[in-house]
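Spelled out from the first residue to the last, the chains are:
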Amino acid sequence: MEIFADALPALSSAWGQILQPMVLGYLVLGVCMGLTIGVFPGLGGIAGLSLLLPFMFGMDPVLGLALMIGMIAVVPTSDTFASVLMGIPGSSASQATVLDGFPMAKKGKAARALSAAFASSLFGGLVGAAFLTLFILVARPVVLLFKSPELLMVSIFGLSMVGILAGRIAIKGVVAAGLGLLVGTIGEGPFNGELRMSSYDYPYLTDGLKLVIVGLGIFAIPEIVALLRKDKAISDRQSIGGGWFEGIRDWWANKWLSARCSIIGVIVGVIPGLGGSVVDWISYGHTIQTAKDKENFGKGDVRGVIGPESSNNAKEGGGLVPTLLFGIPGSGSMAVFIGALALLGNGIDVGPSLLENNLDFTYSIVWLLALANVVGTILCIALSGGIARLTNVRFALLAPFIFMIIAFAAFQSGQNLMDLVALFAIGFIGIFLRRFDWSRPAFLIGFVLSTPVENYSNNANQIAGIRFKESFEAGMAYILSPIVIVLIVLTLLSVVIGLRQAKNIMAEGDIPSGGKRAPLTFLLVVIAFICYALWDAASIPDYAATDRVFPMFVASVSLVGALILLVQMMLKPETHTLFADGERSADAKDNAFGLWPTLAWFAFLLGLTSLVGFILALAVFLVSFLRMRAGLGWVHTVLYAAVGIAFMLGMAAILGRDFPPGLLQSYVTLPWPFT
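Residues numbered from 1 in each chain as written. Predicted model: local features only at pLDDT ≥ 70, side-chain atom pairs only at ≥ 80, totals over all residues. Heavy atoms only, no water.

1. Section: the packing of aromatic side chains
As enumerated under the stated definition, the model contains 13 aromatic pairs in all. Centre to centre, the rings of Phe123 and Trp251 are 5.6 Å apart; their planes meet at 55°, and the pair counts as tilted. With Phe123 in helix H7 (residues 110-143) and Trp251 in helix H11 (residues 244-253), the pair connects residues that are 128 residues apart, well separated along the chain. Classification of Phe123 by relative accessible area gives partly exposed; the value is 25%. (Phe/Tyr/Trp six-rings, centres within 6.5 Å; stacked < 30°, edge-to-face > 60°. Helix = DSSP H or I, 4+ residues; strand = E, 2+ residues; numbered from the N terminus. Buried < 20%, exposed > 50% of the residue type's maximum accessible area, 1.4 Å probe, protein only.)

As structure tokens, this is what we get:
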């Protein structure tokens, strides 16, 4: 009872913080943004939150939190549109929904499938929020005991889970997480200020890469390019039909299935890195196993929608457990969420300090999550007709405007033209990670954890040294506390179990294999980067040895993993899953445009921006793209381009932001927005 008594003031304070018109308005705004982004397959919460990052700095913490939670909560609901109406997984957590949702849509039962999915998502989201509430109450006294060794061990546990459970080839996930960790070390070392993989001759990298650029590059750019290459509407389905109340009745008839799958979602969400990759498949398998009549699954059985959709919303509540309690991202979107919380300021930082110093803020997150699920479900049902029509628009008409917003957001992270260069470069890496079935969430989580893991390890090492000087027993008691021992055992068990389960996990969907050259070439490029990182770290002088230990260790482990992959590739046949290549899939063969011509358009915008500045370059880019690539007439081209430019100018004026300058601005004095 003492636990509840301590938390009661924070619980009531949390309600007082969020039940304000302004906060609820930002929550609805976040939900609407999440709805819009969730419609496009593959973009999801990571891209959406990355877009918000540049605007989080200095925002009122509760308002910023409402905006983010609104988006996080609704994306697993809105991605159902893509799965049901298009037969394309809206995200990795809605793959199983396609199996029965799309056949229902083809039978004219899209509305029934969507309403059943939305009801299930609402229930799962509320279950996740309820679990998070109770878990924080119970776990808070234990979490407050965590110091640097325990936090380091939790981080290692999370990274091991992320790596092992990141795809069909576990070692690929480990190396992907290692790559993210190494990219996170770029810039000045945190202890002695030694430069790592950067130079003062090119100062952009000395501060390291920004999370917004890495998030958008790894996740948004590859999906935009993939959809643009198809050169068609996302969906060819014109109507979603009727049957909204029938779908809700279906959910009520299967409420216990929904409850069980929600619990599965929460449990899976708690495990760092597992999340969206498998939660829907586990729930779908449970749905089939517990059904008495199995013959209709895969042909349009509504239970095949209810099970996965209950779990993929519940996992968000579960994913916030390691995120809030330990600062270990439960998923890629949680990784971006951690970065956004840091930008809000007011001393807010995830981990034990959040529970100790900002418990009311913690519960604000919980209550906002519950409210966002309710608001999101209502809006999904109310706006379904309009959202469905949005999917009938050719993506070539939407892509330039989406990329325009992404480029603007990336520039705001550092107010430097090199931000756009970095976005393009990281996007290029993301395209190949996606193509060759390397886990992008593992990469992103590794990037986010790079700094805290390095800090935890250094702090633990220094304090342990002091304790060992006191006595051997004091040192061992510090580094091998009961919590650390339990976490070591859990880590070893998770690795063993994870290695057995990894073959069933698809990081980027069911990507076919065939052909050694392209996957092997990409691996050799990865090995070359790791070797460079290792050499660069080793060259740090002895007086700054603290700055070289972490990158050397990560690079060494990553290199061993990459060399194991290389040996396996030399020995295995080209039909092995090691050689997964998205360019060999049936969807890729139907692409109307190649990768390089598509990337050339974005390179054109980047190059022109460097010459004449962003706004002038954007005007030329929009007109050229809409006229030549989208095939619009001159009237519509000029009209759409003018609307796009006006939107950018209005957004920049409201937020008080500038645009990337070019060479022209160095020689000619121009008025805003050209300067």
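On we go.
2. Description of the confidence of the model for the chain
On average, residues of the chain score 78 in pLDDT, and 82% of them reach the 70 mark or higher. The spread of mean pLDDT over the elements of the chain runs between helix H1 (residues 2-18), the lowest at 64, and helix H24 (residues 517-538), the highest at 92. (pLDDT = per-residue confidence, 0-100.)

3. Notes on the packing of helix H9 (residues 170-184) against helix H25 (residues 546-571)
At a minimum axis distance of 9 Å, the contact between H9 and H25 shows a crossing angle of 150°. On the basis of the axis angle, H9 is roughly antiparallel to H25. Like other packed secondary-structure pairs, H9 and H25 cross with a definite hand, here left-handed. On the side of H9, the interface is formed by Ile171, Lys172, Val175, Gly178, Leu179, Leu181 and Leu182, while H25 contributes Phe550, Pro551, Val554, Ala555, Ser558, Gly561, Ala562, Leu565 and Gln568. Class assignment for the residues of the contact of H9 with H25 results in eleven nonpolar, four polar and one charged. (Axes fitted to C-alpha atoms, helices over the stretch in contact; angles between N-to-C directions. Parallel < 35°, antiparallel > 145°, perpendicular 65-115°, else oblique. Left-handed = near helix turned anticlockwise from the far one by under 90°. Contact = heavy atoms within 4.5 Å. Nonpolar A, V, L, I, M, F, W, Y, C, P; charged D, E, K, R; others polar.)

4. Concerning the nonpolar core
The biggest cluster of nonpolar side chains holds 177 residues, and the ones touching the most others in it are Met68 and Phe337. Residue-level mapping places this core at the junction of two domains, with at least three residues from each of domain 1 (2-235 + 243-393 + 439-509) and domain 2 (596-667). Setting aside anything within four residues of it in sequence, one finds Phe337 in contact with Leu49, Leu65, Met68, Ile69, Ile72, Leu320, Thr323, Leu324 and Ile365. (Core = buried A, V, L, I, M, F, W, Y, C linked by side-chain atoms within 4.5 Å. Domains from an automatic or database assignment.)

5. Some remarks on the pattern of salt bridges
Going through the model one piece at a time under the given rule, you end up with six salt bridges. Ionic pairing is found between Arg112 and Glu246, a salt bridge with its closest N-O pair at 3.3 Å. Of this pair, Arg112 sits in helix H7 while Glu246 sits in helix H11, and the two are 134 residues apart along the sequence. The class of Arg112 is buried, set by a relative accessible area of 17%. The partner of Asp542 in a salt bridge is Arg548, and the shortest N-O contact between them spans 2.9 Å. Asp542 sits in the exposed class, given a relative accessible area of 62%. (Salt bridge = Lys/Arg side-chain N within 4 Å of Asp/Glu carboxyl O.)

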